Amino acid sequence: MTKFARFALIAGLGAMTAACGSGGLLNRERPDEFAVQRQAPLVVPPDFNLVPPQPGAPRPAEGSAATQTLEALFGGPQPRSSVETSLLERAGSAEPGIRSAVGDPNTATVAKGSVTRDIIAAPEGDGATASAVIPG
């Protein structure tokens, strides 16, 4: 390699390396990313007729998490459809103590079989000694 070729190679590599930096031989003007868009002036929002809270009044955001979730998902109570209304009318009303009188002999139930009866009658435990048996 001649002396001129070596010098040209070293100068070219030096120029490429300098281009990677922020200053140096190949410094160029770059746009300011904050000057691209004009900033609108700050504006005082209009009065939204906000009133200060009354002492002792419940906070408007309070409520159970379930209530807030249902409100966010479904937007509160909705009117019943004609099908739902018809079904509820045909079902009739339940007695007030229906949950405590499930074992009442006058309560109509569907027989689910011996397995379901055994599961319901099983003693409650922590599950440490639980086992499953698959009949073969």
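Before any of the text, the structure's been laid out above.
Residues numbered from 1 in each chain as written. Predicted model: local features only at pLDDT ≥ 70, side-chain atom pairs only at ≥ 80, totals over all residues. Heavy atoms only, no water.

1. Describing the overall build of the protein
Right, so step 1: Along the backbone of the protein there are four helices and zero strands.
Right, so step 2: Along the protein, helices (α) and strands (β) appear in the sequence α-α-α-α when read from the amino end.
Right, so step 3: Surface exposure of the protein reaches about 13900 Å², of which carbon and sulfur atoms provide 61%. (Helix = DSSP H or I, 4+ residues; strand = E, 2+ residues; numbered from the N terminus. Areas by Shrake-Rupley, 256 points an atom, 1.4 Å probe, with all protein chains shown as cover.)

2. Comments concerning the pattern of salt bridges
Right, so step 1: Under the defined criterion, the tally for this structure stands at one salt bridge.
Right, so step 2: Notably, a salt bridge pairs Arg80 with Glu84, separated by 3.7 Å at the nearest N-O pair.
Right, so step 3: Judged by relative accessible area, which is 37%, Glu84 ranks as partly exposed. (Salt bridge = Lys/Arg side-chain N within 4 Å of Asp/Glu carboxyl O. Buried < 20%, exposed > 50% of the residue type's maximum accessible area, 1.4 Å probe, protein only.)

3. Some details on helix H3 (residues 82-91)
Right, so step 1: Where burial is concerned, little of H3 is hidden: zero out of the 10 residues are buried.
Right, so step 2: Note on H3: the residue one or two positions beyond its end, Gly92, has a positive phi of about 85°.

Structural measurements only, silent on function.
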